[in-house]
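Structural features, examined
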Amino acid sequence: SGQKMALGSTTDKIIVWDLVRKCREWSLPGHQWMTRTMVLTKDDSLLISGGYDDEIWVWDWSNRSKLFVLAGHDGGITTLTLTQDERFVVSSSEDKTVHVWSLEKQCSEITFDGHHGEKLYGVSYLDREGTRAV
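First, a word on what this report is: a plain description of the structure on this page. (Residues numbered from 1 in each chain as written. Predicted model: local features only at pLDDT ≥ 70, side-chain atom pairs only at ≥ 80, totals over all residues. Heavy atoms only, no water.)

Core analysis: the biggest nonpolar cluster contains 13 residues, and Ile48, Ile56, Val58, Leu70, Leu80, Val89 and Leu103 have the highest contact counts within it. For this core, the element with the most residues is strand β8 (residues 77-82), which contributes three residues. When sequence neighbours within four positions are dropped, the list of residues in contact with Val89 reads Ile48, Leu70, Leu80, Thr81, Leu82, His99, Val100, Trp101 and Leu103. By size, the runner-up hydrophobic cluster in this structure holds eight residues, among which are Ile14, Leu28, Leu47 and Trp57. (Core = buried A, V, L, I, M, F, W, Y, C linked by side-chain atoms within 4.5 Å. Buried < 20%, exposed > 50% of the residue type's maximum accessible area, 1.4 Å probe, protein only. Helix = DSSP H or I, 4+ residues; strand = E, 2+ residues; numbered from the N terminus. Contact = heavy atoms within 4.5 Å.)

The next subject is the sheet that holds strand β4 (residues 35-40). Across the sheet, four strands lie side by side as β4-β5-β6-β7; this open sheet has antiparallel pairing. Edge positions in the sheet fall to β4 and β7 (65-71), since each has one partner strand and no second. Averaged over all adjacent pairs, the angle separating strand axes in this sheet is 25°, with direction ignored. Note: β4 against strand β5 (residues 46-51), five bridges, orientation antiparallel. Counted as the bridge partner of Thr37 is Gly50 from β5. (Pairing = 2+ DSSP bridges. Axes fitted to C-alpha atoms, helices over the stretch in contact; angles between N-to-C directions.)

Bringing the sheet that holds strand β1 (residues 4-8) into the picture now. The strand order across the open sheet built from three strands is β1-β2-β3, with neighbouring strands paired in antiparallel fashion. Each edge of the open sheet is held by one strand with a lone partner, namely β1 and β3 (23-29). The average undirected angle you get between the axes of adjacent strands in this sheet is 25°. As judged from the six bridges shared by strand β2 (residues 13-18) and β3, these two strands associate in the antiparallel manner. Looking at β3, one finds that Val16 is bridged to Trp26.

Below, the discussion takes up the side chain of Thr37. Mapped onto the fold, Thr37 is located in strand β4. By relative accessible area, which is 11% here, Thr37 ends up buried. Ignoring any residue separated from it by four or fewer positions in sequence, one finds Thr37 in contact with Ile48, Ser49, Gly50, Ile77, Thr78, Thr79 and Leu80.

Moving on, we get to the packing of aromatic side chains. All told, the structure shown has two aromatic pairs when counted by the stated rule. Where Trp26 meets Trp61, the ring centres are 5.2 Å apart and the plane angle is 55°; that geometry is what we call tilted. Of this pair, Trp26 sits in strand β3 while Trp61 sits in the loop between β6 (55-60) and β7, and the two are 35 residues apart along the sequence. Residue Trp61 is classed as buried on the basis of its relative accessible area, which comes to 8%. Its end group placed over the ring of Trp57, Lys66 keeps NZ or CZ at 3.6 Å from the ring centre. (Phe/Tyr/Trp six-rings, centres within 6.5 Å; stacked < 30°, edge-to-face > 60°. Lys NZ or Arg CZ within 6 Å of the ring centre and 35° of its normal.)

So, in structure tokens, the structure goes:
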């Protein structure tokens, strides 16, 4: 939430800090090897994490529980971003693809490939509100 910060780590944990008290508050089991990227919905209901295990995990932030896994990349997840309406999460990966995932359907709706020889480390999209870059 607005007073908390989630950090990915190399110790297989997602660590949550309380920014007011300036202390470690709790942790979640992280991705195998490393949690590399995370995004939190505006209403603080979902934390979405990506790791070197090629998976995207969707968490219930308040209950600290994993809701579901989005699988379809063949390389570590490098970036996650949410669309403006937060119905979709967009991921880039070392497998040279970008996926647009439906959080409602829990699946990839669109896959962009063709980035031959280039690992992807950022995502940008354009919607009716303008651009948002990560």
